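Listed below are the residues making up each chain.
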Amino acid sequence: MALPTEKARYTFADCLTWGENERIEIIDGETFIMATPSRIHQKISGELFRQLANYLEGKKCEVYPAPFGVRLFEQAGDKPENVDTVVEPDISVVCDHSKLDKYGCKGAPDLIVEILSPSSLRHDRLVKLNLYQRAGVREYWIVDPENQSVMVFLPDSNGSFKLHEDYNRKDVAKVNVLDGCFIELSKVFSE
């Protein structure tokens, strides 16, 4: 389905009129159509989700795979036509249940994981890194299937993301916002 009309600025209200199969993000009112993920992308996403979901079973935080709408800057009382940023991270972990509603998450998740694809390299490494930093995401992972690596970004005392750790497929990666949670990357990058 094509976008209904060409507009200068899109909002969450527009998202609510699109079909459920549409993979479109809105950042500061501008639309970004997302490519269909590759098999490897989906395998990596599935394994990361499995390990996180297993760890979180019975705990207060919840993990959501894409497609899962995140309205990073929505405030209480905002109307859909005033919300101009809606993203679909590959994986989101939300610990504050008051941020969850029937549409997804309003506000910044605690952990966001993005898996790079050839079409999303610049977008995930620059645009989304800056966006998630601005929104107050507590931890951001960029997963690189090509190099079988994970870059973990944490905010410094000024709230600016800094590279905290760079893991490879042989490592066990620590999830900093989840006490005692570790991800076996050899299972994530099994091919």
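Keep in mind that what you see is a predicted model, and the values were worked out from it rather than measured.

Caption draft 1: Local environment of the layout of surface pockets. Considering only enclosed or pocket space, the largest pocket measures out at about 490 Å³ in volume. Forming the boundary of the largest pocket are 18 residues, of which Cys15, Gly19, Glu20, Glu88 and Tyr103 lie nearest the centre. Counting only elements with at least two residues in the lining of the largest pocket, the list comes to helix H1 (12–15) and strand S4 (69–71). Looking at the lining of the largest pocket residue by residue, the classes come out as 10 nonpolar, 3 polar and 5 charged.

Caption draft 2: Region of the structure containing the pattern of salt bridges. By the definition in use, this model includes 11 salt bridges. Here Glu114 ties to Lys128 by a salt bridge, and the two come within 2.9 Å at their closest N and O atoms. Of the two residues, Glu114 sits in strand S8 (residues 111–115) while Lys128 sits in helix H3 (residues 121–135), which places them 14 residues apart along the sequence. Here Glu114 and Lys128 have matching classes, each one buried. Each of Glu25, Glu114 and Lys128 takes part in salt bridges that share partners, so that together they form one network.

Caption draft 3: Structural view of the environment of His41. Position of His41 among the secondary structure elements: in helix H2 (residues 39–56). In this structure His41 comes out as buried when scored by relative accessible area, which is 7%. Put simply, His41 and Asp144 are 103 residues apart on the chain and 9.4 Å apart in space, counted from C-alpha to C-alpha. Among all residues touching His41, those that are not within four sequence positions of it are Asp90, Ile115 and Leu116.

Caption draft 4: Quick look at the state of the cysteines. Applying the stated rule across the entire model yields 1 disulfide. With no disulfide partner, Cys15 has as its closest neighbouring cysteine sulfur the one in Cys105, 15 Å distant. On the basis of relative accessibility, which here comes to 16%, the residue Cys15 falls in the buried class. No disulfide involves Cys105; its nearest neighbouring cysteine sulfur is the one of Cys95, lying 10 Å away.

Caption draft 5: Layout of the pairing of strand S10 (residues 149–155). Buried residues dominate S10, accounting for 6 of its 7 residues. By the bridge criterion, 5 bridges tie strand S9 (residues 139–144) to S10 in an arrangement that is antiparallel. The residue of S10 that forms the bridge with Val143 is Val150. Here S9 hands over to S10 after 4 residues, with Gln148 in that stretch at a positive phi of 50°. Alignment of S10 against strand S11 (residues 161–168), held across 7 bridges, turns out to be antiparallel.

Caption draft 6: Quick look at the packing of aromatic side chains. Per the counting criterion, the structure on display carries 7 aromatic pairs. Where Tyr10 meets Trp18, the ring centres are 6.0 Å apart and the plane angle is 50°; that geometry is what we call tilted. For Tyr10, a relative accessible area of 3% translates into the label buried. On the basis of relative accessibility, which here comes to 9%, the residue Trp18 falls in the buried class. Taking 4.2 Å as the distance between ring centres and 5° as the angle between the ring planes, the aromatic pair formed by Tyr64 and Phe68 counts as stacked. Classification of Tyr64 by relative accessible area gives partly exposed; the value is 22%. One aromatic cluster in this structure is built from Tyr132, Tyr140, Phe153 and Phe161. The cationic tip of Lys59 hangs over the ring face of Tyr55; the distance from NZ or CZ to the ring centre is 4.3 Å. Seen from the ring of Phe12, Arg71 lies directly overhead, with NZ or CZ sitting 4.7 Å from the centre.

Conventions used here
- Residues numbered from 1 in each chain as written.
- Predicted model: local features only at pLDDT ≥ 70, side-chain atom pairs only at ≥ 80, totals over all residues.
- Heavy atoms only, no water.
- 1 Å grid on protein atoms, 1.4 Å probe; cavity = no way out; pocket = protein on both sides within 12 Å on 5 of 7 lines; lining within 4 Å.
- Points joined across faces, edges and corners; volume = space filled by probe spheres on them.
- Helix = DSSP H or I, 4+ residues; strand = E, 2+ residues; numbered from the N terminus.
- Nonpolar A, V, L, I, M, F, W, Y, C, P; charged D, E, K, R; others polar.
- Salt bridge = Lys/Arg side-chain N within 4 Å of Asp/Glu carboxyl O.
- Buried < 20%, exposed > 50% of the residue type's maximum accessible area, 1.4 Å probe, protein only.
- Contact = heavy atoms within 4.5 Å.
- Disulfide = S-S within 2.5 Å.
- Pairing = 2+ DSSP bridges.
- Phe/Tyr/Trp six-rings, centres within 6.5 Å; stacked < 30°, edge-to-face > 60°.
- Lys NZ or Arg CZ within 6 Å of the ring centre and 35° of its normal.

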